[in-house]
Amino acid sequence: MLGTKIQDAFNRQMNAEFHSSFLYLSMSAYLQALNLKGIAHWMRLQAEEEHAHAMKFFDFINHRGGEVRLVEVAAPSAKWDSPLAALEAASQHECKITGDINELVDLAAAHKDHASHAFLHWFVTEQVEEEAAVQEIRDKLKLGGDSGAGLLLIDHGLAQRTPHATGDA
Ligand code: OFO
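Attention in this report is confined to the structure presented alongside it. Quick caveat, the model's predicted, so the values are computed rather than measured.

Quick notes on the pattern of salt bridges
Right, on to step 1. One pass over the full model with this rule turns up nine salt bridges.
Right, on to step 2. Note that Arg161 is salt-bridged to Glu49, the shortest N-O span being 2.9 Å. Of this pair, Arg161 sits in the segment after α5 (148-158) while Glu49 sits in helix α2 (residues 37-63); the two residues are 112 residues apart in sequence, bridging distant segments of the chain. Accessibility assignment for this pair places Arg161 and Glu49 in one class, buried.
Right, on to step 3. Between Lys140 and Glu136 there is a salt bridge whose closest N-O contact spans 3.1 Å. In this pair, Lys140 and Glu136 both sit in helix α4 (residues 114-144), four residues apart, roughly one turn of the helix.

What follows is the structure, given as structure tokens:
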């Protein structure tokens, strides 16, 4: 059985993951409008991953006898100054989410909720990958250029991304 504080915090994080999904879907639309189909494709898959992250919290709350509370998802930005600006925003967003996950780990430890603590380990590891992935694209845009041939080369490379297997989102 989930304690009330953990349940509330997990519901907040579930909502934050749905917001992450909206944010990356919005970035995908922005990049698609610029005809950067490869980066748009990468962002769209990222949005799907974030939806899967939210569903992990959804399922865990249910499995532990808690109450899932879905709330309105805040609207994401729709425009950025450049593809690089979008990736900068994505990088900052992932650092914020890492901080949120770390706080949840601390909360689970403080409440001696070992099941929640073990559940969160997956997210701790995932956040290392999430931060690295967006930072790599951001750094390539910085190095290769946020316009012209460099940008087109990066766009082509990101078109190759494939979805992760279910449960491995
Ligand atoms: Fe769910 O990891 Fe990104 O936000």
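Focus: the packing of α2 against helix α3 (residues 83-110)
Right, on to step 1. At their nearest, the axes of α2 and α3 sit 14 Å apart, and the two run at 15 degrees to each other. It follows from the interaxial angle that α2 and α3 lie roughly parallel. The interaxial crossing formed by α2 with α3 has left-handed handedness. Here Ile39, Met43, Glu50 and Phe57 of α2 lie close against α3, whose contacting residues are Leu87, Ala90, Glu94, Ile101 and Leu104.
Right, on to step 2. A per-class count over the contact of α2 with α3 returns seven nonpolar, no polar and two charged.

A word on the side chain of Ser21
Right, on to step 1. By the secondary structure assignment, Ser21 is in helix α1 (residues 4-33).
Right, on to step 2. If near-sequence neighbours (up to four positions away) are discounted, Ser21 is found in contact with Ala47, Glu50 and His51.

Reading guide: rules and limits
Residues numbered from 1 in each chain as written. Predicted model: local features only at pLDDT ≥ 70, side-chain atom pairs only at ≥ 80, totals over all residues. Heavy atoms only, no water. Salt bridge = Lys/Arg side-chain N within 4 Å of Asp/Glu carboxyl O. Helix = DSSP H or I, 4+ residues; strand = E, 2+ residues; numbered from the N terminus. Buried < 20%, exposed > 50% of the residue type's maximum accessible area, 1.4 Å probe, protein only. Axes fitted to C-alpha atoms, helices over the stretch in contact; angles between N-to-C directions. Parallel < 35°, antiparallel > 145°, perpendicular 65-115°, else oblique. Left-handed = near helix turned anticlockwise from the far one by under 90°. Contact = heavy atoms within 4.5 Å. Nonpolar A, V, L, I, M, F, W, Y, C, P; charged D, E, K, R; others polar.

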